[in-house]
Amino acid sequence: MMNKSIVLLEDLWKSYAEIDAVQGLTFQISRGEFFGILGPNGAGKTTTIGILSGLIEPSGGRITIDGFDLFSKPIEAKARLGLVPQSFALYPTLSARDNLVFFGRIYGLKGKHLRERIARVLEIVELTDRANQTVATFSNGMKRRLNIAAGLLHEPEILILDEPTVGVDTQSRNAILESINSLNKSGVTVLYTTHYIEEAQRLCDRVAIIDQGKIIALDSPACLIQDLGKGMIRMGFNEGIDDKLLDQMKRIGLVIVVDDQKRRIHIETDRIDEASRELLELMKTRDGLLKTLDISEPNLETVFIHLTGRNLKD
Amino acid sequence: MIRQIIAITLKELKVLWLDREALALLFAMPMFFILVMSFALEGVFEAGSKGHPIEILVVHQDGGRLAEQAIADLKRMEGLILIETYEGIPLSSDKAEQLIGRGVYPLALLFPEGYTEKILKNANDPQKGKAIVYLISDPAMNLQLLATVKGAVQGAIERRVLLARIPQRLKEMFGTLGGTEGQLDNMLEDPNISERGRSGVDFIHTFPKGFNAGRRPTATEQNVPAYTIFGVFFIVLTLASSFLQEKKDGTFQRILAAPLSKTALLIGKLLPYYLVNLIQIALMFCIGVVVFGMKLGHLPALVIVSLALAAAANGLGLLVAALGKTEAQVNGLSVLLAITLSALGGMMVPTFIMPNLMKTLSLFTPHAWALAGYHDIIIRGLGIKDVLTEMFVLLGFASFFFVIALWRFRFDK
């Protein structure tokens with residue numbers, strides 16, 4: 001399925017007055033690939049998408065889309081991109097159809113072809129029966145779906161989705177993910193940013209984990225988890241734990257103290273079942289101290305914690 | 001509940017404080033209104049007073065003592081400044097008309113050759129050969145102000161004429177009647193004699209050559225162009241808010257991601273507002289014509305001034321869109337500019353009755369130039385070549401606004 005690269009980012013930088021939002025990002029996406037960018041809020045995902053969509057000028061670096069340099073041949077490069085921004089990016093006072101007519105026209109679609117494309121994308125996102133309804137009356141989930149439809153109108157080779165499931169209910173979220181997956185199966189290359197690990201794990205062929213504007217890991221979810229993922233036991237206490245208890249825990253796994261008061265700790269381990277049992281035994285000696293307990297199998301979030309010492313949602 | 005109120009109040013104060021530019025505008029706006037409106041309206045309330053005198057050009061073709069005495073009296077009159085020379089040369093009739101035609105001065109007083117001689121020669125019967133004084137005014141001059149100034153000037157001149165005739169008339173009367181005090185009183189109370197004394201001078205009110213002198217400016221001809229310009233610049237708020245909304249909603253990002261240039265995006269965004277401005281102007285002038293029977297003058301000239309005016313308004317709109325980072329800033333700046341520039345540009349008060357500083361400042365507003373253009377066409381009956389300066393100045397303003405706006409405009413914020 002995958003062959004030569006269709007998107008190439010080389011040493012991409014974006015600096016604002018006091019911060020470097022993107023610091024030397026380099027990666028390539030193969031044609032037909034489902035590529036994810038995973039990172040916490042503020043990691044630089046949206047800035048990267050902003051640069052890719054032509055909204056933000058980078059401070060340095062190069063982007064090539066299907067062989068066209070995005071900055072010297074922007075028209076050719078952008079014609080191959082479809083963008084689904086994080087915000088709804090729709091005109092709320094217009095109907096769904098009128099929104100699509102407008103966005104179709106700025107991509108040069110017209111007449112019968114435009115009408116056909118509108119009908120098709122409305123079908124993909126299951127909004128055909130709402131086509132003439134004003135967007136302001138839509139639920140968040142419907143707006144998200146229409147947002148995707150607008151990005152698909154001109155049949156882009158690469159679809160860029162920036163957190164497309166933020167703020168939607170589980171049902172709409174599943175419908176959105178199914179639609180995107182189907183599009184990818186039909187040959188569309190997808191660049192997907194998210195801070196939801198389950199989405200990245202479920203959909204992506206490869207994932208770039210970014211933090212503070214830098215790529216800290218890049219591989220398929222399975223490889224990342226296998227190489228870097230540890231089981232994770234997250235514990236919360238009613239009061240700060242003493243050093244004796246901390247030492248006992250350190251014998252079970254790698255202890256990461258999350259806060260200064262020692263009321264929250266993470267324990268990384270390769271033997272999650274045994275470690276969980278040992279910890280629970282240990283806590284029996286300290287009645288009433290344990291407040292919360294969360295046990296995670298190795299996943300992309302534990303990879304992120306392993307690499308940064310922080311939660312994705314921090 | 002009080003804690004919640006305090007919490008909300010503190011949050012709101014913090015939000016306001018963080019948007020300091022908008023906060024500053026809240027204070028700057030009334031301050032500017034007070035300053036600009038007070039200075040501008042000073043002319044309305046105090047025009048013709050010592051502090052805000054009216055400048056009148058004097059063309060002294062007569063050379064006789066009566067004209068000289070009248071001029072000297074008028075010079076002593078508070079609230080009037082008489083100008084007899086321009087660039088060191090005594091004013092001629094043509095020069096005075098030219099200066100009024102260009103809107104440099106609003107009024108001229110012309111004493112024609114033989115004025116003194118005519119009055120003295122026909123002193124015993126002024127009806128036989130009345131002396132004439134010409135009052136040449138800018139057709140766009142405020143009528144109320146014109147009537148006041150005309151009355152004061154006329155009164156001063158007639159007083160001098162009457163004084164000049166009295167000795168000769170007394171001599172004649174006493175010579176004929178043998179002269180007693182009672183007879184003199186009777187003579188002065190005779191209404192025929194008094195009337196003859198007062199009407200010894202004819203005032204002819206005229207306009208500079210080449211101007212539409214057959215028609216006097218009406219309230220409509222003053223107000224329709226002025227308030228049209230005032231309204232046209234309110235597009236600044238609509239246009240700037242639209243840019244801000246697009247950025248906020250993310251639609252700007254989606255459009256920028258499409259294969260089109262930033263120039264195309266800006267032109268596409270501005271064009272509808274430009275058209276709205278043109279429709280606005282057409283509609284306002286239609287109201288003037290249909291409801292008030294206003295004559296439009298030379299239509300092609302009106303069109304070119306309107307096209308340039310709309311360009312300047314759109315340029316200013318883009319500039320506000322480039323400078324305003326929040327909704328509050330855009331709203332404050334738009335209203336501040338729309339009203340302040342209108343007041344300064346003579347939309348509410350004619351510029352010629354403003355103090356000199358304000359008059360000079362008005363030249364830095366597109367409003368003043370647009371109004372001058374419209375007045376030239378509608379009131380003074382001029383054509384395309386006469387309003388080319390106004391058109392180019394308006395296009396200059398438009399270019400200036402666009403250049404600064406494009407330099408400051410941020411697509412990514």
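Higher on the page you've got the structure.
Within every chain, residues take consecutive numbers counted from 1 along the sequence as written. For naming, the first written chain is A and the first written ligand is 1, with later ones following in the order written. Whole-chain, interface and lining totals are the exception, using all residues; otherwise, since this is a predicted model, local features are given only for residues with pLDDT of at least 70 and side-chain atom pairs are given and counted only at 80 or more. Derived side-chain values reflect all non-hydrogen atoms in the structure, with water molecules and hydrogen atoms excluded from consideration.

1. Looking at the overall build of chain B
- A tally of regular secondary structure across chain B gives 17 helices and 7 strands.
- Buried means the residue's accessible area, taken with a 1.4 Å probe over protein chains only, is under 20% of the maximum for its type, while exposed means over 50%, and partly exposed covers the values in between. A total of 413 residues make up chain B; the buried ones form 46% of that total.
- We call two residues in contact when some of their heavy atoms are within 4.5 Å. The long-range share in chain B, meaning contacts at least 24 apart out of those at least 6 apart in sequence, stands at 79%.
- For the area figures, the Shrake-Rupley method with a 1.4 Å probe applies, and any residue is considered shielded solely by the protein chains shown. Of the accessible surface of chain B, which amounts to about 20200 Å², a share of 65% is contributed by carbon and sulfur atoms. In DSSP terms, a helix is any run of H or I states spanning at least four residues, a strand is any run of E spanning at least two, and both are numbered starting from the N terminus.

2. Let's talk about the packing of aromatic side chains
- Centres within 6.5 Å make a pair out of two Phe, Tyr or Trp rings, where for Trp the six-membered ring is used; the pair is then stacked when the planes are under 30 degrees apart, edge-to-face when over 60, and tilted otherwise. Applying the stated rule across the entire model yields 14 aromatic pairs over all chains.
- Ring centres of Phe-243 of chain B and Phe-409 of chain B lie 5.4 Å apart, and the angle between their planes is 70°; on these two criteria the pair is classed as edge-to-face. Note that Phe-243 of chain B is positioned in helix 10 (residues 235-249) and Phe-409 of chain B in the segment after helix 17 (388-408), a separation of 166 residues in sequence.
- When the ring of Phe-400 of chain B is compared with that of Phe-401 of chain B, the centres are 6.0 Å apart and the planes differ by 55°; the resulting orientation is tilted.
- Put simply, the rings of Tyr-91, Phe-102 and Phe-103 of chain A touch in pairs and so form one group of aromatic residues.
- Directly above the aromatic system of Phe-409 of chain B lies the positively charged group of Lys-247 of chain B, at a separation of 4.4 Å from the ring centroid.
- Throughout this description, the term charge over a ring refers to an Arg CZ or Lys NZ atom that lies within 6 Å of the ring centre and within 35 degrees of the ring normal. Looking at Arg-254 of chain B, its charged tip hangs above the ring of Phe-103 of chain A, at a distance of 5.0 Å from the centre.

3. Digging into the side chain of Asn-299 of chain A
Residue and element names in this part refer to chain A.
- By the element assignment, Asn-299 lies in the loop between strand 14 (290-296) and helix 11 (300-308).
- What qualifies as a polar contact is a pair of N or O atoms within 3.5 Å, subject to a donor-acceptor requirement within protein and to the restriction that residues adjacent in sequence count only when both atoms come from side chains. A distance of 2.9 Å separates a polar side-chain atom of Asn-299 from the backbone nitrogen of Glu-301.
- Look past the residues within four positions of Asn-299 in its chain and what remains in contact with it is Ile-197, Gln-201 and Ile-225.

4. Regarding unusual backbone geometry
- A positive phi angle, near 50°, is found at Glu-155 of chain A, a position not held by glycine.
- By secondary structure assignment, the location of Glu-155 of chain A is in the loop between helix 5 (140-152) and strand 7 (158-162).
- On the basis of relative accessibility, which here comes to 49%, the residue Glu-155 of chain A falls in the partly exposed class.
- Non-glycine residue Glu-87 of chain B carries a positive phi angle of around 55°.
- Relative to the assigned elements, Glu-87 of chain B resides in the loop between strand 3 (85-86) and strand 4 (89-90).
- Residue Glu-87 of chain B is classed as exposed on the basis of its relative accessible area, which comes to 67%.

5. Brief notes about helix 16 (residues 366-378) of chain B
- When the terminal C-alpha atoms of helix 16 of chain B are compared, their 18 Å separation across 13 residues agrees well with the 18 Å that a helix rising 1.5 Å per residue should span.
- On its buried face, helix 16 of chain B sits against helix 9 (219-232), helix 12 (262-292), helix 13 (299-323), helix 14 (327-344), helix 15 (356-362) and helix 17 of chain B. Helices are assigned an expected span. That span is 1.5 Å times one less than the residue count.

6. Some thoughts on the interface of chain A and chain B
- Contact with chain A, which involves 25 residues of that partner, is made by 16 residues of chain B.
- Here the quantity called buried area is the total loss of accessible area, with a 1.4 Å probe, experienced by two parts when brought into contact, counted for both. Between chain A and chain B the total buried area reaches about 1800 Å² when both faces are included, carbon and sulfur atoms providing 59% of it.
- Within this document, salt bridges are pairs made up of a side-chain nitrogen of Lys or Arg and a carboxyl oxygen of Asp or Glu, the two lying within 4 Å of each other. Joining chain A to chain B, the criterion identifies 1 salt bridge.
- Between Lys-262 of chain B and Glu-57 of chain A there is a salt bridge, with the nearest N and O atoms lying 3.9 Å from each other.
- Counting across the interface, chain A meets chain B through 7 residue pairs in polar contact (both at pLDDT 80 or more).
- Elements represented by at least two residues in the side of chain A that touches chain B include exactly helix 1 (45-52), helix 2 (74-79), helix 3 (96-106) and helix 5 of chain A.

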